[in-house]
Amino acid sequence: MKLVPIPKEKYDQYKIDAIFDCYKWDPQFLDNNTLSKYVLVLTEKEAKEVAKLTEQLDLETRQAEEYIIKNLKIAKKLLLPSKIIKEIRKMSNYNPKNNIRLTRYDFHPTANNKWVVSEVNSDVPGGFAEASLLPKLAIQVLNIKDCYSIDFGANLASIISSKIPPKGNIMFVHCTSYSDDRQVMQYIGDKMEENGFNSIYGAVDHVEFKDKKAFCILNGYNCNVDLIFRFTPLEWLIKVKPKTWDGYFDTLTPSCNHPISMFAQTKRFPLIWDDLEKQGISLTVWKKLLPKTTEVKNANGNYIYKPACGRVGEKISIKEACSDKEYKEILKDVSMHPKKYIAQEKFISKPIKGLSDKLYHVCLGSYAIDGKHAGFYARISDKPRIDSSAEDIPVIIKRDKI
Amino acid sequence: MTKKEVYKIWAPSNLKWSNWVRPVPFVDLDKNNKILEIVDYNFPSIYYIDKYLKDMAIIIDINGVDSIKEGISLSRIGYQPIPIFNGTNPSLNVKSNVDNLAIGPYLIWGATELSKINLGEYANPVFLLDNNRLNRYRINRSIFDNSWDVYPQDLPSSKYFLNNGITKILVRGNEISKDLKKILYRYQLDNMKIYFTNGYDIPREIKIGKVKIENS
């Protein structure tokens with residue numbers, strides 16, 4: 001993989017086009033421009049390798065969660081929130097064929113030239129437009145003929161279209177106060193409208209359930225819901241008052257994602273792998289790619305701490321990527337609440353060179369939808385921790401020479 | 001003007017603070033431009049400051065429409081207005097608790113006015129907020145909640161301000177909003193001075209009471 005710079009004289013217009021044509025409504029975070037001045041170019045070999053690993057990981061993830069749902073005792077070590085545990089038994093009617101399972105696996109190139117996967121975004125992965133429209137824009141701006149991109153949005157739209165009736169109502173459930181959530185929903189919502197569906201934007205409590213079927217109570221849109229597309233994380237959903245959200249757990253209305261996603265979302269998921277393998281569930285690829293993960297109390301050696309419910313890289317104790325103050329605060333929190341964290345063996349990310357030999361660390365997100373690889377979403381940072389201040393970068397693939 | 005053209009005028013790439021202009025209120029300008037029957041495009045007088053101060057940035061936290069108008073007035077004495085409105089719009093015919101569409105025509109008008117003004121590359125920023133963002137109340141659950149908060153990541157850090165010679169922040173509003181307080185407290189911790197005015201009185205230095213903050 002390599003970084004190709006957007007020509008300096010073209011960047012300003014590229015940014016404007018990314019904002020308005022590619023739903024990049026959040027190009028600034030504190031003092032950081034979050035739209036990279038580079039494009040990440042993968043070789044076809046790299047793209048195929050990561051796609052294959054993604055499908056293998058996703059198969060293991062789905063087999064594990066479908067086993068857990070029928071054998072809930074095994075989930076005890078996940079220490080899921082008590083509100084979720086109360087609802088968990090309702091999920092026994094889960095049917096993978098009726099739902100859409102969307103995941104994104106975070107790949108990192110390492111110093112020993114192997115891939116490491118740091119985690120799976122199992123519950124509400126985002127970055128849809130960045131993984132669909134931005135690479136096309138980049139190819140156009142760079143004016144290169146021997147590269148192509150994977151259109152994640154088209155893949156997602158195709159699966160959605162196959163699971164719900166034509167002209168069906170899709171409820172995009174998100175935190176309506178957050179524009180960065182809305183930009184993700186608006187992209188796929190607009191795409192589904194183009195395909196003849198009805199996109200409705202609302203919050204968790206705009207969905208009610210009757211006879212286990214969802215309907216929308218948003219004023220002006222009282223209607224049946226044919227698909228719940230949820231972007232509100234489960235740990236936020238269960239905090240909504242009054243409690244109108246329990247129906248999400250056993251609804252017969254197709255969901256993307258169904259709350260079954262919580263088993264792999266918690267960073268404690270690897271702590272039950274040995275138990276799952278004893279029951280015949282293979283996690284070979286996961287074990288090969290994820291750094292050794294353990295309870296905080298068992299960490300002995302070169303480990304970092306990650307919050308079990310972390311999402312965007314916050315509170316991860318990579319010393320060289322944190323301020324001294326932040327690092328001390330994380331360690332203090334870990335010592336006070338060790339069960340809220342896991343310890344993961346530290347890996348050495350292999351940075352790649354940009355202009356003037358500046359080094360960037362890469363996190364290559366790789367999507368799977370219902371087990372099939374569906375696209376790439378990447379972020380880069382000059383620090384080894386990829387967090388909210390990292391830059392979004394389009395991923396394109398250079399064709400092999402024939 | 002297209003939404004891209006309007007945005008480019010508010011956020012010209014040659015000005016230092018343009019990166020903080022939030023695109024959100026601009027994205028619907030082409031399709032959802034609310035037609036207002038009564039539109040008052042007069043420039044408000046600025047009573048609380050009479051000249052450009054090179055060590056001061058301003059945050060205006062009043063009704064969004066008035067915030068834009070005051071921002072344009074301040075641009076005439078050298079400040080760069082930076083809209084940081086971040087509220088989304090509901091689907092057509094859905095009721096919401098904040099009318100974010102109202103500011104659209106004023107952003108277009110503001111662009112016309114700004115295009116007549118030649119701001120210096122280092123013009124200090126005046127950040128524009130809409131205090132209606134905090135209207136949380138929903139008469140019932142069917143209402144679309146598009147209220148919003150301003151967060152530390154929506155504004156420059158104190159380090160960035162200080163590196164650019166800005167040591168004072170003046171807030172013009174009716175009060176210091178709860179969300180803004182969290183941001184100002186961080187600035188204060190880093191030895192920036194915070195001033196407040198209600199729009200009529202001379203700015204006075206204030207102390208922000210202790211606020212629990214998390215790392216961002």
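Asks: Provide a residue-level description of the overall build of chain B, including the pertinent values.
Replies: A tally of regular secondary structure across chain B gives five helices and six strands. Starting at the N terminus and walking to the C terminus, you meet the elements of chain B as α-β-α-β-α-β-α-β-α-β-β. Computed over the C-alpha atoms, the radius of gyration of chain B is 17 Å, within 12% of the 17 Å expected from 2.2 N^0.38 for a compact globule of 216 residues. Within chain B, the proportion of its 216 residues that are buried is 41%. By sequence separation, contacts in chain B at least 24 residues apart represent 81% of the contacts at least 6 residues apart.

Asks: Please give an account of the overall build of chain A that cites residues and values.
Replies: Helices and strands together make up the secondary structure of chain A, namely eleven helices and 22 strands. For chain A, the C-alpha radius of gyration of 21 Å lies close to 21 Å, the compact-globule estimate for 402 residues. The principal-axis extent of the C-alpha atoms belonging to chain A is close to 60 × 55 × 45 Å. Expressed as a percentage of its 402 residues, the buried residues of chain A come to 48%. Here the analysis covers contacts within chain A between residues at least 6 apart in sequence; of these, 74% occur between residues at least 24 apart.

Asks: I'd like a description of the confidence of the model for chain B, backed by residues and values.
Replies: Chain-level statistics for chain B give a pLDDT mean of 93 and a share of 95% at 70 or above. Scoring the predicted complex yields pTM 0.95 and, for the interface, ipTM 0.95.

Asks: So what about the pairing of strand β1 (residues 56-62) of chain B? Which residues, and what values?
Replies: All names here are of chain B. The buried count for β1 comes to six of seven residues, which makes it a mostly enclosed element. Here β1 runs beside strand β4 (residues 168-173); their pairing, made up of six bridges, is parallel. In the sheet register, A57 faces β4, and the bridge partner there is I169. One ladder, built from five bridges, connects β1 with strand β3 (residues 125-130); its direction is parallel.

Asks: Quick rundown of the interface of chain A and chain B? Include the residues and the values.
Replies: Often, the extent of an interface is quoted as the loss of accessible area upon association of its parts. Across the boundary between the two partners, chain A contributes 28 residues, which contact 31 residues of chain B. Examining the composition of the side of chain A that touches chain B, we find that four residues originate from one element, helix α1 (residues 8-21) of chain A, more than from any other.

Asks: Lay out the nonpolar core in plain terms, naming residues and giving numbers.
Replies: The nonpolar side chains of a soluble globular protein tend to be buried, and buried together. Judged by nonpolar contacts, the single largest core of 148 residues is most densely connected at M171, F172, V173 and A378 of chain A together with I58 of chain B. Setting aside chain neighbours within four positions, we find A378 of chain A in contact with L40, V362, C363, L364, G365, I393 and V395 of chain A. Core analysis: the second largest hydrophobic core is formed by ten residues, I304, Y305, I316 and I330 of chain A among them.

Asks: How would you explain the environment of N93 of chain A if you had to name every residue and give the values?
Replies: One can find N93 of chain A in the loop between α3 (82-88) and β5 (102-109). C-alpha separation for the pair N93 of chain A and A47 of chain A, spaced 46 residues apart in sequence, amounts to 36 Å.

Asks: So, the packing of helix α5 (residues 152-163) of chain A against helix α6 (residues 179-194) of chain A: which residues are in play, and what are the values?
Replies: All names here are of chain A. At a minimum axis distance of 10 Å, the contact between α5 and α6 shows a crossing angle of 55 degrees. The angle between α5 and α6 places the two elements in the oblique class. The two elements α5 and α6 cross, and the hand of that crossing is right-handed. For the pair α5 and α6, the contacting residues are G153, L156, A157 and I160 in the first and Y187, I188, K191 and M192 in the second. Considered class by class, the residues forming the contact of α5 with α6 number six nonpolar, one polar and one charged.

Asks: Kindly report on the pairing of strand β2 (residues 80-83) of chain B, identifying the contributing residues and their values.
Replies: Residues and elements named next belong to chain B. By the alternation rule, side chains of β2 split into Q80 and I82 and P81 and P83, which are all buried. In this structure, β2 lies alongside β3, joined through four bridges in parallel fashion. Looking at β3, one finds that P81 is bridged to V126. Handedness of the crossover is the feature at issue here: the chain leaves β2, passes through helix α3 (residues 104-114), returns alongside β3, and the resulting connection is left-handed.

What counts and how
Residues numbered from 1 in each chain as written. Chains lettered and ligands numbered in written order. Predicted model: local features only at pLDDT ≥ 70, side-chain atom pairs only at ≥ 80, totals over all residues. Helix = DSSP H or I, 4+ residues; strand = E, 2+ residues; numbered from the N terminus. Rg over C-alpha atoms; globule rule 2.2 N^0.38 Å. Buried ≥ 20, exposed ≤ 12 C-beta atoms within 10 Å, placed from the backbone. Contact = placed C-beta atoms within 7 Å. pLDDT = per-residue confidence, 0-100. Pairing = 2+ DSSP bridges. Core = buried A, V, L, I, M, F, W, Y, C linked by C-beta atoms within 7 Å. Axes fitted to C-alpha atoms, helices over the stretch in contact; angles between N-to-C directions. Parallel < 35°, antiparallel > 145°, perpendicular 65-115°, else oblique. Left-handed = near helix turned anticlockwise from the far one by under 90°. Nonpolar A, V, L, I, M, F, W, Y, C, P; charged D, E, K, R; others polar. Right-handed = clockwise from strand over helix to strand, strands pointing away.

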